[in-house]
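Examining the three-dimensional arrangement
Each chain, written out:
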Amino acid sequence: GAGHGTWFGQECGALDHLVEERYRDVERLRDELVRKGDELEAGRCQLAQRGRQLAEQRKETAQLIHLLEQQETQLTEALSEIKSLREQSTQEREEARERETSRFAFLEQKLRSAEAERDQLRHEVNVLQATAAANGSSDGAADSLAPLMAELGDMRRQLGDTQAQLGAAQTQLSTEIQQS
């Protein structure tokens with residue numbers, strides 16, 4: 001009887017001790033879970049903050065890319081404008097050179113025809129002088145020579161003008177050729 005009670009008492013004491021240990025284990029686990037929960041919460045907050053930072057950075061990056069694309073577009077437009085201006089200026093230079101060349105050719109032609117006319121007049125004067133000498137009448141020859149001599153003087157002046165124009169055109173042409 002008594003041995004059985006002692007044994008029962010010992011068993012109960014051992015059981016109490018075990019239960020206490022279990023409670024301590026549960027308590028310790030609960031504390032650890034609370035601590036883990038706090039850590040997880042802190043981690044979640046950090047992640048949320050990092051997420052916001054990344055979103056902000058993404059937005060800034062998108063804005064920068066947009067700006068870059070705008071600049072790229074402006075650059076492309078500016079380059080094509082420069083190219084078209086260069087082509088236009090080349091074309092204008094070509095046209096100016098062609099105009100000068102044709103003006104030059106025209107003046108050369110004018111000069112040649114003026115020289116031909118002068119030679120023709122000289123010839124006529126010579127013929128008239130020879131005719132007058134042959135006829136011995138200097139009065140009649142002088143009358144017909146006067147207008148011819150005046151015309152020859154005009155021709156000389158015209159010839160001088162044309163030669164001056166031709167010289168100016170030549171100078172201008174060579175200047176333009178050097179510049180281009």
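Report follows, based on the coordinates. Each chain carries its own residue numbering, running from 1 in the written order of its sequence. In keeping with the model being predicted, local features are shown solely for residues with a pLDDT of at least 70 and side-chain atom pairs are shown and tallied solely at 80 or more, while totals for entire chains, interfaces and linings include all residues. As a convention, hydrogens and water are excluded, and side-chain values are obtained from all of the structure's heavy atoms.

Counting through the fold element by element, Ala-134 comes out in helix α1 (residues 2–135). Accessibility here uses a 1.4 Å probe with only protein chains present; expressed as a share of the type maximum, an area under 20% marks a residue as buried, one over 50% as exposed, and anything in between as partly exposed. We classify Ala-134 as exposed; its relative accessible area is 66%. Separated by 111 residues in sequence, Ala-134 and Tyr-23 have C-alpha atoms that sit 163 Å apart. For the purposes of this entry, the term helix denotes a DSSP run of H or I that reaches at least four residues, the term strand denotes a run of E that reaches at least two, and both are numbered from the N terminus.

Side chains bearing opposite charge may pair, as long as their charged atoms lie close to each other. Basic side-chain nitrogens of Lys or Arg form a salt bridge, by our definition, when they fall within 4 Å of a carboxyl oxygen of Asp or Glu. One pass over the structure, following the stated rule, counts 11 salt bridges. Ionic pairing is found between Asp-31 and Arg-30, a salt bridge with its closest N-O pair at 3.5 Å. The partly exposed category is assigned to Arg-30, whose relative accessible area is 45%. Note that Arg-103 is salt-bridged to Glu-100, the shortest N-O span being 3.2 Å.

Moving on to a nonpolar patch on the surface. Together, Leu-15, Val-19 and Tyr-23 line one region of the surface with nonpolar side chains, adding up to about 330 Å² of accessible area. Counting through the fold element by element, Val-19 comes out in helix α1. A relative accessible area of 40% means that Val-19 is categorised as partly exposed. Here the term patch refers to residues with relative accessible area over 30% and no salt bridge, with like charges joined within 9 Å and nonpolar side chains (Val, Leu, Ile, Met, Phe, Trp, Tyr) within 5 Å. Residue burial considers only the protein chains on display, and all accessible areas are found by Shrake-Rupley using a 1.4 Å probe.

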